[in-house]
Amino acid sequence: MTSLRTMLSFPVGGTRFNYRVAGVAIRDGHVLVCREDDDDYCMLPGGRVEMGEPSDLALVREIAEELVMAVEVGPLLFTSESFYGRVGERFHELGFIYAIELPEDVGPGGAQPFLVREDEGHLLQFSWLPLEGPDLTEARLLPPWLPERLRALPDLSGHVIFHEAEPTA
């Protein structure tokens, strides 16, 4: 018997609520990022949490689905509350961002993206980008506060509240 999966992403009035989990994989001064389809931005690998699912197990499931590899989940680095707009829709997103360890043979050497996969009808491109320099900003790693925080990871987890400016008419 297959259980019904309920992703914690749903509309409320004119806003969509998301509960997202993501992983920070850093190797040799590079961080792993994901670009979906033809988006003009990238994000950390991860996805939506399901009802009744602990966030760390949701991250293990999402990495297995997207990258088809095992992951070890480390400490919680950040929690975030983000208020932003995409494609004509407003979002209120809760995020849990963990440190992750990928298999040793997965790293930044070679051509990028190093992996392209289809997942739930979307084409995902995974690349290793240098932490230092302009690459994270030029690739539009979202949320926008992330590049600076990744370059100076804290010893203790932190909480970030981010409000994207409303578009002006």
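Remember, it's a predicted structure, so these values are computed and weren't measured experimentally. (Residues numbered from 1 in each chain as written. Predicted model: local features only at pLDDT ≥ 70, side-chain atom pairs only at ≥ 80, totals over all residues. Heavy atoms only, no water.)

S.K.: Account for the overall build of the chain, with residues named and values stated.
M.R.: Of regular secondary structure, the chain possesses 3 helices and 10 strands. When the elements of the chain are put in sequence order from the N terminus, they spell out β-β-β-β-β-α-β-β-β-β-α-α-β. Over its C-alpha atoms the chain spans a radius of gyration of 16 Å, differing by no more than 12% from the 15 Å that the globule rule assigns to 169 residues. Each principal axis of the C-alpha atoms in the chain carries an extent, and together these give about 50 × 45 × 35 Å. The contacts in the chain between residues at least 6 apart in sequence include a share of 66% that link residues at least 24 apart. As displayed, the chain offers around 9,400 Å² of accessible surface, 56% of which is attributable to carbon and sulfur atoms. (Helix = DSSP H or I, 4+ residues; strand = E, 2+ residues; numbered from the N terminus. Rg over C-alpha atoms; globule rule 2.2 N^0.38 Å. Contact = heavy atoms within 4.5 Å. Areas by Shrake-Rupley, 256 points an atom, 1.4 Å probe, with all protein chains shown as cover.)

S.K.: Quick one: what's the story with the sheet that holds strand 3 (residues 26–27), residue by residue and with numbers?
M.R.: Taken together, the 4 strands give an open sheet; going across it, the order is 3-4-9-8, and neighbouring strands pair in antiparallel fashion. Two strands lie at the open edges of the sheet, namely strand 3 and strand 8 (115–119), each paired on one side alone. For strand 8 and strand 9 (residues 122–130), the ladder comprises 5 bridges, and the chain directions are antiparallel. Residue pairing in the sheet places Asp119 in a bridge with His122 of strand 9. Each of strand 4 (30–36), strand 8 and strand 9 is contacted by helix 1 (residues 55–67), which is oriented at about 105° to strand 8, the strand it contacts most. (Pairing = 2+ DSSP bridges. Axes fitted to C-alpha atoms, helices over the stretch in contact; angles between N-to-C directions.)

S.K.: Lay out the pattern of salt bridges with the relevant residues and their values.
M.R.: Oppositely charged side chains can form a pair if their charged atoms are brought close together. Using the criterion set out here, one finds 10 salt bridges in the structure. What you see here is one network of salt bridges that share partners, running through Arg5, Glu50, Glu53, Arg61, Glu62 and Glu65. (Salt bridge = Lys/Arg side-chain N within 4 Å of Asp/Glu carboxyl O.)

S.K.: Lay out the environment of Glu148 with the relevant residues and their values.
M.R.: One can find Glu148 in helix 3 (residues 146–151). The class for Glu148 is exposed, based on a relative accessible area of 62%. In this structure, the C-alpha to C-alpha distance between Glu148 and Leu131, residues 17 residues apart in sequence, is 9.0 Å. (Buried < 20%, exposed > 50% of the residue type's maximum accessible area, 1.4 Å probe, protein only.)

S.K.: An account of the side chain of Ser127 is needed here, citing residue identities and associated values.
M.R.: Among the structural elements, Ser127 can be located in strand 9. Assessed through its relative accessible area of 13%, Ser127 is described here as buried. Setting aside chain neighbours within four positions, we find Ser127 in contact with Val31, Leu32, Val33, Gln112, Pro113 and Phe114.

S.K.: Talk me through the packing of aromatic side chains; I want residue IDs and the actual numbers.
M.R.: Across all of its chains, the model carries 5 aromatic pairs by this definition. Residues Phe10 and Phe17 carry aromatic rings whose centres are separated by 5.3 Å and whose planes lie at 35° to one another, so their mutual orientation is tilted. For Phe10, a relative accessible area of 36% puts it in the partly exposed group. Centroid distance Tyr84 to Phe91: 5.0 Å. Interplanar angle 10°. Geometry classified as stacked. A relative accessible area of 12% means that Tyr84 is categorised as buried. A cation over a ring is seen here: Arg86 above Tyr41, with NZ or CZ 5.4 Å from the ring centre. (Phe/Tyr/Trp six-rings, centres within 6.5 Å; stacked < 30°, edge-to-face > 60°. Lys NZ or Arg CZ within 6 Å of the ring centre and 35° of its normal.)

S.K.: Report on the pairing of strand 7 (residues 89–101), specifying residues and quantitative values.
M.R.: Pairing between strand 2 (residues 15–24) and strand 7: 10 bridges, direction parallel. Its bridge partner being in strand 7, Tyr19 is matched across the sheet by Leu94. For strand 6 (residues 72–86) and strand 7, the ladder comprises 12 bridges, and the chain directions are antiparallel. Across the sheet, the residue bridging to Ser82 is Glu93, located in strand 7. Linking two consecutive strands that pair antiparallel, namely strand 6 and strand 7, is a turn of 2 residues; a positive phi of about 45° is found at Val87 within it.

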